[in-house]
Every structure is written in C-alpha cells, then in structure tokens.
Amino acid sequence: MLDVLGLEPDDEHVYRVLLGRPNSTPVHLSDLLVLSRAHVDKALCRLVGWGLVTRSADERYTAAPPAMALGALIAQRRDGLRTAEQALVTFAEEHRAAMTGSSITDLIEVVTGVDAIRHRFLQVQQAARTEVRSFITAPFVALPPDENTAEPMALDRGVLFRAVLDREVLAEPGIVHDAIDSLRNGVQLRVADHLPMKLVLADADLGLVPLAVTPAGEPGAVLLHRSGLLDALDALFETVWRTAHPLQLSGTGDEPEATVEVGPQGPTELDRRILALLLAGLTDLAAATQLGLSPRTLHRRLRHLMDLAGVRTRMQLGAHAVRHGWTEPLRT
C-alpha cells in the first residue's frame, strides 16, 4: 500500500506493527513478524530516517503518528512530482527545439507488435497535458476501450478527451456500455459514418497511427512527433469532428414509462435521447435497451414524433429532427 511512497514491504509491515505496539524492541518485532533480525534492523533504520519511527535511548521503537509522519512524506512526494512535471515541460521544449529540422527518421517511429503498440498507445495518452483526440474503429487489435487504463488517469489530471467512433463500432459487444461510462466521465463522443483510420493525438505533439498487419503477420503503427504530417492529421480530426454526430446516451434505465406521453407540443427529453441514439446508428432494440424501454414503447414514441413533424418516413423524421434541433438536450 505504501510502496508508492518508496517503502519496502518489510518497512510497511514493521511500521504497522509498531502502530499498535509502541516501545517495541527489534527482537520483539522479529518474533511478531517472523522476520530475521537483519531484515527488521534494516527496516527500522529506513523508517527512522524517514521520520516514521522514533528510537529511544534503550533501543525501543515507536511509530510516529501517521497523520503527521505519512502526511509529511506524501507532501514531499507531491512536491517532487510537481518538480518533475516542471522538468517535463522544460525537457519537452528542449526536445521540440532539437527536433526542428530533424530528418524524417527522427520524426517518425515505427512500432511493431501488439504489446509495443499497446505500450505506445498508453504512453501517448499519459504524455498529454491538455487534450487527447482519437478516431475509434473496429476491430480492436491492441487494446479494447474497456482496458484503456490511461484514459481515467488523464481525465483525473484535467485532460480533455474527444473521440469519433466509426458507426460500425457501435455493433461491437459492450461498446455502448463503454460509451456510456466514458460520457459520464466527461469524454466527448461523436459518430461518423466512416473513418479513414485509427488515430490518437496528444495535444499537438504526438500522434499514433496503427497500420495494416505487416508481412510477418504482426500489427504495426507509426508514432509521429510534431511535423507537417502531424499538423495534417490534426486538421483531419477537426474536420471529421465538425461533421460527426454527437453521441448522447442514457444507460440509467430509470426513466419512468409514464413520462413518454408528456409534452405533446414538442419532443420530450426522452424523445430527444431516442432520436440521438437512432441517428448515431443504434438499432431499435439497442436504443430501447439503453433507455430502459420496451420496443413497443419506442415505436409508439417514434410514431408520435413522425406525426408531430408531419412526416411519413424515418429518414424524413431524422432530417426534420436535425433541422429543428430535436437531438439537443432540453434547456431548463
């Protein structure tokens, strides 16, 4: 538990025992923990050095109050991380300056193999300071969305995530559930009819583009540093983002069915969610499931919306909904 602070397992075990047994001797600690005297002495020496344990004149040891001792250690680590972050900015600027005028081999790194691509994919997100943008297409070769451990960590740092999903991705098992979780965490999602490639961009500094399988049978990718090619991919993402359809999902399933008859003068919030899901490419059954509705109720709402819009087909309804802002959330 305390390894993130630099403590070894023996250090933590000794400290925790001392919390409940002040004024213990090394011999007593060795017996309680079934550790050699040498291991106990080494742990005590480190703990005393960190200020986590005090030693009396007669060689008895007592744990310092955790709120004070561990709090100070955590503060030191936090200050060290801030210093490291400042150094990161400096190093990044030095790297950018050094890369100016570099050869193409310095700006493009070829990555081969699932493990290597997965590692670089996580690293690119970890390197982001302000924003991560991505194109998501199927199949998921290196890392499925639900295994992307770097995303929640970056979100906690305040990094903005924007992603465009290829419409076919919505048919992948579990992808709607993952999308709901991402939306709840603040990720902005949109859907495009077709995406030209997979893509991950970290700020305007790094880009990862997975490639086709190599002749040897392994997947490959290229890691791009700041360059004209990266600028082109940046522009491509923004162009696709502007034309893609915003994805707004509801996975709560707690909308009472009584509300579906409310608001005859216009679409209700539930109606807007239904339209957003269907326009994003979900089937009737998938949309009904996500909203906690029966297919019959969903069809009844669609019939009501078609009558309200004065149209006869779903295609006409979709066009009317987009023109009149029916897919946007209600403003209260």
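Residues numbered from 1 in each chain as written. Predicted model: local features only at pLDDT ≥ 70, side-chain atom pairs only at ≥ 80, totals over all residues. Heavy atoms only, no water.

**Here's the deal with the nonpolar core**
By size, the foremost hydrophobic cluster in this structure holds 52 residues, and its most contacted members are Val 124, Phe 161, Leu 189, Leu 208, Ile 274, Leu 317 and Trp 326. A domain split of this core shows at least three residues from each of domain 2 (106-244) and domain 3 (267-322). Ignoring sequence-local partners within four residues, the contact set of Val 124 consists of Val 200, Ala 202, Leu 206, Leu 208 and Leu 223. If you look at the next biggest cluster of nonpolar residues, it comprises 19 residues, including Leu 5, Ala 43, Leu 47 and Ala 63. (Core = buried A, V, L, I, M, F, W, Y, C linked by side-chain atoms within 4.5 Å. Buried < 20%, exposed > 50% of the residue type's maximum accessible area, 1.4 Å probe, protein only. Domains from an automatic or database assignment. Contact = heavy atoms within 4.5 Å.)

**A look at the packing of aromatic side chains**
In the structure shown here, the tally under the stated rule is 2 aromatic pairs. When the centroid spacing of 5.3 Å and the interplanar angle of 25 degrees are considered together, the rings of Phe 135 and Phe 237 count as stacked. In this pair, Phe 135 is assigned in strand β4 (residues 131-136) and Phe 237 in helix α9 (residues 228-243), connecting sequence segments 102 residues apart. Geometrically, the ring pair formed by Phe 237 and Trp 241 is stacked, given 5.9 Å between the ring centres and 20 degrees between the ring planes. Of this pair, Phe 237 and Trp 241 both sit in helix α9, 4 residues apart, roughly one helical turn. The two residues Phe 237 and Trp 241 agree in class, both being buried. In this structure an aromatic cluster arises from ring pairing among Phe 135, Phe 237 and Trp 241. Sitting above the plane of the Trp 241 ring, Arg 162 keeps its charged end 5.0 Å from the centroid. (Phe/Tyr/Trp six-rings, centres within 6.5 Å; stacked < 30°, edge-to-face > 60°. Helix = DSSP H or I, 4+ residues; strand = E, 2+ residues; numbered from the N terminus. Lys NZ or Arg CZ within 6 Å of the ring centre and 35° of its normal.)

**Overview of the pattern of salt bridges**
A full pass over the atoms with the stated rule returns 16 salt bridges. Between Arg 167 and Asp 193 there is a salt bridge, with the nearest N and O atoms lying 2.7 Å from each other. Here Asp 193 lies in the loop between β6 (188-192) and β7 (199-202) and Arg 167 lies in the loop between β5 (160-166) and α8 (175-184), a separation of 26 residues in the sequence. The class of Arg 167 is partly exposed, set by a relative accessible area of 24%. Several salt bridges converge on common partners, so that one network encompasses Glu 131, Arg 133, Arg 162, Asp 234 and Glu 238. (Salt bridge = Lys/Arg side-chain N within 4 Å of Asp/Glu carboxyl O.)

**Things to note about the packing of helix α12 (residues 295-309) against helix α13 (residues 314-323)**
Look at α12 against α13: their axes get within 10 Å of each other, and the N-to-C directions meet at 65 degrees. When the axis of α12 is compared with that of α13, the two are roughly perpendicular. Relative to α13, α12 is oriented so that their crossing is left-handed. Counting all contacts with α12, which are made through His 299, Leu 302, Leu 305, Met 306 and Ala 309, the residues of α13 involved are Arg 314, Leu 317 and His 320. Considering only residue class, the contact of α12 with α13 consists of 5 nonpolar, 2 polar and 1 charged. (Axes fitted to C-alpha atoms, helices over the stretch in contact; angles between N-to-C directions. Parallel < 35°, antiparallel > 145°, perpendicular 65-115°, else oblique. Left-handed = near helix turned anticlockwise from the far one by under 90°. Nonpolar A, V, L, I, M, F, W, Y, C, P; charged D, E, K, R; others polar.)

**Examining helix α1 (residues 9-20)**
Compared with an ideal rise of 1.5 Å per residue, which puts 12 residues at 16 Å, α1 spans 18 Å between its outermost C-alpha atoms and is within 8% of the ideal. Asp 10, Asp 11, Glu 12, Val 14, Tyr 15, Val 17 and Leu 18 are the residues of α1 that are buried. (Expected span 1.5 Å × (residues − 1).)

**Side note on the environment of Trp 50**
Summarising the element assignment, Trp 50 is placed in helix α3 (residues 37-50). Overall, the relative accessible area of 31% leaves Trp 50 in the partly exposed class. Between the C-alpha atoms of Trp 50 and Ala 69, which are 19 residues apart in sequence, the distance is 8.2 Å. Ignoring sequence-local partners within four residues, the contact set of Trp 50 consists of Gly 6, Leu 7, Asp 11 and Leu 73.

**Concerning the pairing of β6**
Sheet topology places β5 next to β6; 5 bridges connect them, and they run parallel. When the bridges of β6 are listed, Leu 165 appears paired with Val 191. Handedness of the β-α-β unit built from β5, α8 and β6 comes out right-handed. Direction of pairing for β6 relative to strand β10 (residues 245-246): antiparallel, over a ladder of 2 bridges. Bridge assignment links Arg 190 to a residue of β10, and that residue is Pro 246. (Pairing = 2+ DSSP bridges. Right-handed = clockwise from strand over helix to strand, strands pointing away.)

**Let's talk about unusual backbone geometry**
The backbone of Val 34 sits at a positive phi, close to 55 degrees, despite the residue not being glycine. Tracing the chain through its elements places Val 34 in the loop between α2 (26-33) and α3. The phi torsion at Asp 203 lies on the positive side, around 50 degrees, for a residue other than glycine. Within the secondary structure layout, Asp 203 lies in the loop between β7 and β8 (206-213). Its relative accessible area of 10% is what places Asp 203 among the buried residues.

**Here's the deal with the environment of Asp 146**
Within the element layout of this structure, Asp 146 appears in the loop between β4 and α7 (150-156). Accessibility expressed as a relative area gives 55% for Asp 146, which makes it exposed. On a C-alpha basis, the gap between Asp 146 and Gly 174 in space is 8.7 Å, while along the polypeptide they are 28 residues apart.

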